[in-house]
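# Notes for the structure review
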Amino acid sequence: MPLLLLLITLTFTASLPHTKRQSCSSPIQRRAWHTLSTRERLSYLDAERCLMSRPAQTGAEGAVSRYDDLLGAHQHQAGWIHNTAWFLPWHRLYMRAHERLLREECGYDGAQPYWDEPRDAGRFSGADIFDAREGFGGGGEGEERCIRDGPFTDYRLHQGPGYAYEEHCISRAIDDNVSSYIGQDAIDECLSQPDFQRAWPCIETNPHTAGHRGVGGVMDNAVSSPGDPLFYLHHTFLDRVWWQWQERDLQRRLGEVTGGVPSFAEDGHWVGISLDDVMDVHGVIPSVRVRELMDIRGQALCYEYE
Ligand SMILES: [Cu+2]
């Protein structure tokens, strides 16, 4: 190809994202883990291990790997992204950040899968997501409850538990009883909430807590739970619940956020959440406003649920 033509082609290609800013022409399809083929499962798990092997970039305290960069973003902000109206939008961005790292830095060509937890409610210990060969490995053993099989047995965490920075294993203590609180009835109750102000606490209470405590161990720590890779499948499931709730009255709910968030201007005070609030994942991917997180098919996100 003549040089001039090549340059024109490159310039044109580079300018495309600007001319098409509003549209997201080919959203990737997020699917439930149990519907993925063996090849798809293994490629996801391989990409996660790749993130765990790449060096940290953000300078987050304790972070050794790229995987830890993400953990650091959650650990640092845990105090204002839980039990506040930022819970759903922040975690939506966080799931997207994880999905982007897998795709852009580890060659993963799929979308972020979710764990269809109501399917396994009350029987987490028998869920195929804990498979040692094509899953995340099983429950923990011994005093520290370290996981003993699956692709993540050798991973050492350096952030957590909670706000501490201690080296430890990925641990789990599966609790079937607690896992029953993420049944379809609990999801339906949240989907029927009339407004955002009631939908997010509903999602954060039973379904969210049941997933964390039902897996136990690292997942049971509100601050450092992203140390278990299952975190991303659990929160992607919750993101889907929010989207399903939005879809019930899409026109209105693409713009609906209500509820309290802590004020950064006045310590101890609360203010109303705004579509202009900036959600930030410590530079792992660029910050965006809540407004851009309302439509999963928009440019900032660009995915759908099958
Ligand atoms: Cu969280």
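Residues numbered from 1 in each chain as written. Predicted model: local features only at pLDDT ≥ 70, side-chain atom pairs only at ≥ 80, totals over all residues. Heavy atoms only, no water.

### Describing the packing of aromatic side chains
We apply this condition: Pairing of aromatic side chains requires ring centres within 6.5 Å, counting the rings of Phe and Tyr and the six-membered ring of Trp. Pairs whose planes differ by under 30 degrees are stacked, by over 60 edge-to-face, and all others tilted. Strands are runs of DSSP state E lasting at least 2 residues, helices are runs of H or I lasting at least 4, and numbering of each runs from the N terminus. Two thresholds decide whether a charge sits over a ring: the Lys NZ or Arg CZ must be within 6 Å of the ring centre and within 35 degrees of the ring normal.
Counting across every chain of the model gives 19 aromatic pairs. Taking 5.7 Å as the distance between ring centres and 40° as the angle between the ring planes, the aromatic pair formed by Y94 and Y232 counts as tilted. In this pair, Y94 sits in helix α4 (residues 87-106) while Y232 sits in helix α8 (residues 230-247), placing the two residues 138 residues apart along the sequence. Cluster of aromatic residues (ring-pair linked, three or more members): Y67, W90, Y94, Y155, F231 and Y232. Taking NZ or CZ as reference, R92 lies 3.7 Å from the ring centre of W242, over its face. Of note, R253 hangs over the ring of W245, and the distance from its end group to the ring centre comes to 3.9 Å.

### Some points on the state of the cysteines
What is meant by a disulfide is a covalent connection between two cysteines, made through their sulfur atoms. To keep things clear, this is the line we draw: Here, two cysteine sulfur atoms that lie within 2.5 Å of each other are counted as a disulfide.
According to the stated counting rule, one finds four disulfides in the structure shown. Paired through a disulfide, C24 and C302 show a sulfur-sulfur distance of 2.1 Å. Linking C24 and C302, the disulfide has an S-S dihedral of approximately 85° and is accordingly described as right-handed. Here C302 lies in the loop between β9 (288-289) and β10 (303-305) and C24 lies in the loop between α1 (3-19) and β1 (28-30), a separation of 278 residues in the sequence.

### Thoughts on the packing of α4 against helix α7 (residues 196-215)
Let me state the cut-off plainly: With axes taken as lines fitted to C-alpha atoms, and helix axes fitted only over the stretch in contact, angles between N-to-C directions fall between 0 and 180 degrees. The contact definition used throughout considers only heavy atoms, calling two residues in contact when any of these lie within 4.5 Å. Classification convention: Asp, Glu, Lys, Arg as charged; Ala, Val, Leu, Ile, Met, Phe, Trp, Tyr, Cys, Pro as nonpolar; all other residues, Gly among them, as polar.
Direction vectors running N to C along α4 and α7 enclose 65°, while the axes themselves pass 9 Å from each other. Side by side, α4 and α7 meet where F87, L88 and P89 of the first sit next to F196, W200, I203, E204 and H208 of the second. The class makeup of the residues in the contact of α4 with α7 is six nonpolar, one polar and one charged.

### A closer look at the nonpolar core
What counts is decided by this rule: By nonpolar core we mean a set of buried residues, namely Ala, Val, Leu, Ile, Met, Phe, Trp, Tyr and Cys, connected to one another through side-chain atoms within 4.5 Å. Note on classification: 1.4 Å probe, protein chains only; a residue is buried when its accessible area is under 20% of the maximum for its type, exposed when over 50%, partly exposed between these limits.
Among the nonpolar cores identified, the biggest contains 78 residues, and Y44, Y94, W115, I129, F136 and V281 are the most heavily contacted of them. Of all the secondary structure elements, the ones that give two or more residues to this core are α2 (38-53), α3 (66-81), α4, α6 (184-191), α7, α8 and β10. Setting aside residues no more than four positions away along its own chain, Y44 makes contact with W33, H98, L102, Y108, Q112, P113, F136, Y232 and L233.

### Observations regarding unusual backbone geometry
Trans peptide bonds make up the majority, and among non-glycine residues the majority have a negative phi. Note the cis peptide between G160 and P161, where omega equals -5°. Mapped onto the elements of the fold, P161 is located in the loop between β4 (156-157) and β5 (168-169). A positive phi angle, near 60°, is found at N83, a position not held by glycine. Among the secondary structure elements, N83 is positioned in the loop between α3 and α4. For H282, which is not a glycine, the phi torsion comes out positive at approximately 55°. Assignment of secondary structure puts H282 in the loop between β8 (278-279) and β9. Given a relative accessible area of 33%, H282 falls into the partly exposed group.

### Brief notes about the coordination of the copper ion
Reference values for angles at a metal are 109.5 degrees in the four-donor tetrahedral case and 90 or 180 degrees in the six-donor octahedral case. Quick note on the threshold: The rule for donors is simple: an N, O or S atom within 2.8 Å of the metal counts, and for Na, K and Ca the reach is 3.2 Å. Water is not among the atoms, so a site may look short of donors.
Around the copper ion, the protein supplies H74 (NE2), H82 (NE2) and H91 (NE2) as donor atoms, at distances of 2.0 to 2.1 Å. The motif formed by the donor residues of the copper ion, counted along the single chain, is H-x7-H-x8-H. Pair check on accessibility: H74 and H82 agree, each one buried.

### Section: the packing of α7 against α8
Formally: By definition in this entry, angles of less than 35 degrees are roughly parallel, angles greater than 145 are roughly antiparallel, angles of 65 to 115 are roughly perpendicular, and the rest are oblique. A crossing counts as left-handed when the near helix is turned anticlockwise from the far one by less than a right angle, and as right-handed when that turn is clockwise.
Axis separation between α7 and α8 bottoms out at 10 Å; the angle between their running directions is 155°. It follows from the interaxial angle that α7 and α8 lie roughly antiparallel. Handedness of the α7/α8 crossing: right-handed. Taking contact as the criterion, the partners of F196, A199, I203, P207, H208, G211, H212 and V215 in α7 are, on α8, L230, F231, H234, H235, L238, V241, W242 and W245. Of the residues contributing to the contact of α7 with α8, the split by class is eleven nonpolar, five polar and no charged.

### Focus: α8
Inclusion rule: What a helix is expected to span follows from its residue count: subtract one and scale by 1.5 Å.
Spanning 18 residues, α8 covers 26 Å between terminal C-alpha atoms, matching the ideal 26 Å at 1.5 Å per step. Of all 18 residues making up α8, 16 are buried, and the element is well covered by its neighbours.

Take it as geometry only, folks, not as evidence of what the structure does.
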